[in-house]
Amino acid sequence: MSRRRTLGTKKKIALLVGAATMAGGGAFVMANASNAAQTTQDARTKAAQDAGVCQGLATALGNNQRFIEGQRADPDAQSQARIENREAVVAEIERKQAASGCAVGESAQDSQTGQPQGGQPPQAGQPPQATQEAGQDTGDQAGGAAQAGEQVCAGSTVTLSGEGGAPAASSNQFPVGTRLRVTNLDNDKSTTVEVNSVSGSCALLNNAAFEQVREEGKFLIRRALIEKVG
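Numbering of residues begins from 1 in every chain and follows the order in which that chain's sequence is written. The model is predicted, so local features are restricted to residues of pLDDT at least 70 and side-chain atom pairs to those at 80 or more, both for listing and for counting; the totals for chains, interfaces and linings are taken over all residues. To obtain the side-chain values, all non-hydrogen atoms of the structure were included, while hydrogens and water were left out.

(A) Structural view of the sheet that holds strand β6 (residues 204–205). Only strands joined by at least two bridges in the DSSP assignment are considered to pair. Segments assigned H or I by DSSP are reported as helices when at least four residues long, segments assigned E as strands when at least two residues long, and all are numbered from the N terminus. Strand order across the open sheet formed by six strands is β1-β8-β4-β5-β3-β6, with mixed pairing between neighbours. Unpaired on one side and paired on the other, β1 (150–152) and β6 mark the two borders of the sheet. By the bridge criterion, six bridges tie strand β4 (residues 179–184) to strand β5 (residues 189–197) in an arrangement that is antiparallel. Paired with Asn184 across the two strands is Lys189, which belongs to β5.

Structure (structure tokens):
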């Protein structure tokens, strides 16, 4: 009787060990499946973030290239200096593209950059610099006439110019000296800057200003609120 009880106990232990092993194996499989799903989701999130980074850099590059084209189409005494400055900016943006794994040299035009404040598209056949000058004229009139605190540049995305220096902005809608408040609606960060030069966009932030409102790893603000404050 004692031997039978001993064998019975051993069998019970063996069965318990086997059940525990099977349960552990099932848990291991479930854990692997969960980890695989998380890895896939992380990869998708990273891909979306990378796409946003690349698009932002491409827009910044396109804006600077457009400005250079405008200066070459209708140069003045300061055009060569402006072109050299923007070429250095282009080189810096292309360096960032390479570091971010983006296609180096890929550019995109901001859909709002060629439109004056009134929202009218440029006339067919109008040269780039003429379009830019038209934007400046509109800025002196419609943009300059906007009341303090009034929302401007509706629908515009905001990116960086690639230029250094203290926080500032450039614009084809507002004259130098205009103060703009730019708010990133995705993180509620704001910066107030002064327009100090002309660009191919309604509001283009330099590096220091963009850093104050950017989301980490992004070079494009899709949901921006731009207000004239002075």
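That was the structure; now back to the text.
(B) Representation of the nonpolar core in the model. As used here, the term nonpolar core means buried Ala, Val, Leu, Ile, Met, Phe, Trp, Tyr and Cys residues forming a set that is joined through side-chain atoms within 4.5 Å. The buried label applies to any residue whose accessible area, calculated with a 1.4 Å probe on protein chains only, is under 20% of its type's maximum; exposed applies above 50%, and partly exposed to all values in between. Grouped together as the largest cluster of nonpolar side chains are 31 residues, with contacts concentrated most on Val158, Phe174, Leu205 and Ile226. For this core, the secondary structure elements donating two or more residues are α1 (2–73), α2 (79–99), β4, β5, α4 (207–213) and β8 (224–228). Any pair of residues with heavy atoms lying within 4.5 Å of one another is described as a contacting pair. Among residues more than four places away in sequence, those in contact with Leu205 are Val158, Thr159, Leu160, Ser161, Ala168, Ala169, Val182, Thr191, Val193, Phe210 and Val213.

(C) Spotlight on the state of the cysteines. Cysteine sulfur atoms are paired as a disulfide whenever they come within 2.5 Å of each other. Applying the stated criterion across every chain, the model contains two disulfides. In this model Cys54 forms its disulfide with Cys102; the gap between the sulfur atoms is 2.1 Å. The chirality of the disulfide connecting Cys54 with Cys102 is left-handed, given an S-S dihedral of about -90°. Of this pair, Cys54 sits in helix α1 while Cys102 sits in the loop between α2 and α3 (128–145), placing them 48 residues apart in sequence. The two residues Cys54 and Cys102 agree in class, both being buried. Between Cys153 and Cys202 runs a disulfide, and the two sulfur atoms are separated by 1.7 Å. The chirality of the disulfide connecting Cys153 with Cys202 is left-handed, given an S-S dihedral of about -55°. One end of the pair, Cys153, is in the loop between β1 and β2 (158–159); the other, Cys202, is in the loop between β5 and β6, and 49 residues separate them in sequence.

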